[in-house]
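Given next are the chains, with one letter for each unit.
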Amino acid sequence: MALEHALLVSLTEREGSGYELARRFDRSIGYFWAATHQQIYRVLRRMEESGWVTHTEVAQDGRPDKKVYRVSKAGRVELTRWLAEPIEPTTLRDELGVKLRGASLGDTAAVLREVERHRAEHATRLEVYRRIARRDFPKPAKLNGRELHQYLVLRGGIRAEKSFVDWCDEVVQALRSEGVR
C-alpha cells in the first residue's frame, strides 16, 4: 500500500491540514500504517499534483495560513480502484524470530531480554488498542458502515498484539525452563 491510499482513506473520513493528518496518523491509522510528518507533507504535494486532492487556504491569527485538504473526484476514483485491487497476503517477517532461532549461537540471555522487551512494548500497545475500543466503540454490536470498518481494523490490531504477547510469554517460559536467565 502506498501512503497515498492511507491519506485518501483518512481525508475521505475527514478533511484536514497536513498537521491534522499527521496527528491523526499518530493517534489512529498510524498504528497500522506509519508515516513521518515530512512524508505526509511530501505525499500531499504529490497527490495534489496528480489531482487526487485539492486544498483551501485558511487564514490563522498570528500564524501562517494553513492548507485544508480534501479528496477530489479523481482521488475518489483512485481510492475506489485501489480498494477493488487484490493484494498479496502478508508474510510474517520478524527480526525477533530470526534472533530467537539463532539464540543458541550467541548470548541466549540477551535474546531472552530482547523478547521480554518486545513483550512489554506489545502489551503496552495492546492496552492502548483496548482503551481506544472501550472509548470509541462502547457498543460494537450496534456498529455499521465506517464505524464498523474502523472497529474491525482495531480488533485485528488487538488480536495481533494479544497473539504476539502470548507468543512472547511462551518463549520466555520455555527459555527460563531451559535455565536461561
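All of these numbers come straight from a predicted model, not from anything done at the bench. (Residues numbered from 1 in each chain as written. Predicted model: local features only at pLDDT ≥ 70, side-chain atom pairs only at ≥ 80, totals over all residues. Heavy atoms only, no water.)

Peer 1: Just to check I follow, could you spell out the overall build of the protein for this structure?
Peer 2: Counting its regular elements, the protein contains seven helices and three strands. Listed by position from the N terminus, the elements making up the protein come as α-β-α-α-β-β-α-α-α-α. Expected size for 181 residues packed as a compact globule is a radius of gyration near 16 Å; at 21 Å, the protein overshoots this value by more than 25%. Expressed as lengths along the three principal axes of its C-alpha atoms, the size of the protein is roughly 65 × 40 × 40 Å. Relative to its full complement of 181 residues, the protein shows a buried share of 33%. (Helix = DSSP H or I, 4+ residues; strand = E, 2+ residues; numbered from the N terminus. Rg over C-alpha atoms; globule rule 2.2 N^0.38 Å. Buried < 20%, exposed > 50% of the residue type's maximum accessible area, 1.4 Å probe, protein only.)

Peer 1: Even after reading the chapter, I still don't get helix α1 (residues 3-13), so can you show me in this structure?
Peer 2: The periodicity of an α-helix, 3.6 residues per turn, causes residues three or four positions apart to be oriented the same way. The buried fraction of α1 is high, at eight of eleven residues. Every buried residue of α1 is accounted for by L3, E4, H5, A6, L7, L8, S10 and L11. Tucked inside the fold, the buried residues of α1 contact β1 (16-17), α2 (18-27), α3 (37-50), β2 (53-60), β3 (63-71) and α4 (73-84). (Contact = heavy atoms within 4.5 Å.)

Peer 1: Just checking my understanding: could you explain the domain arrangement of the protein for this structure?
Peer 2: A common way to express how large an interface is: the accessible area buried when the components associate. Each assigned domain of the protein is listed here: domain 1 (1-84) and domain 2 (95-179). The C-alpha centroid of domain 2 is placed 29 Å from the C-alpha centroid of domain 1. Between domain 1 and domain 2, the residue contacts involve five residues of the former and eight residues of the latter. Between domain 1 and domain 2 the total buried area reaches about 530 Å² when both faces are included, carbon and sulfur atoms providing 63% of it. Applying the counting criterion to the domain 1 and domain 2 interface returns zero salt bridges. Scanning the region where domain 1 abuts domain 2 turns up one residue pair in polar contact (both at pLDDT 80 or more). Its residues assigned to classes, the side of domain 1 that touches domain 2 comprises two nonpolar, one polar and two charged. (Domains from an automatic or database assignment. Buried area = accessible area lost by both parts, 1.4 Å probe. Salt bridge = Lys/Arg side-chain N within 4 Å of Asp/Glu carboxyl O. Polar contact = N/O pair within 3.5 Å; in protein donor to acceptor, adjacent residues only side chain to side chain. Nonpolar A, V, L, I, M, F, W, Y, C, P; charged D, E, K, R; others polar.)

Peer 1: So what exactly am I meant to see when it comes to the nonpolar core here?
Peer 2: Side chains of nonpolar character tend, in soluble globular proteins, to be buried together. By size, the foremost hydrophobic cluster in this structure holds 19 residues, and its most contacted members are L7 and I40. Contributing elements (two or more residues each) for this core: α1, α2, α3, β3 and α4. No other element matches α1, which puts five residues into this core. Core analysis: the second largest hydrophobic core is formed by twelve residues, A109, V115, F164 and V171 among them. (Core = buried A, V, L, I, M, F, W, Y, C linked by side-chain atoms within 4.5 Å.)

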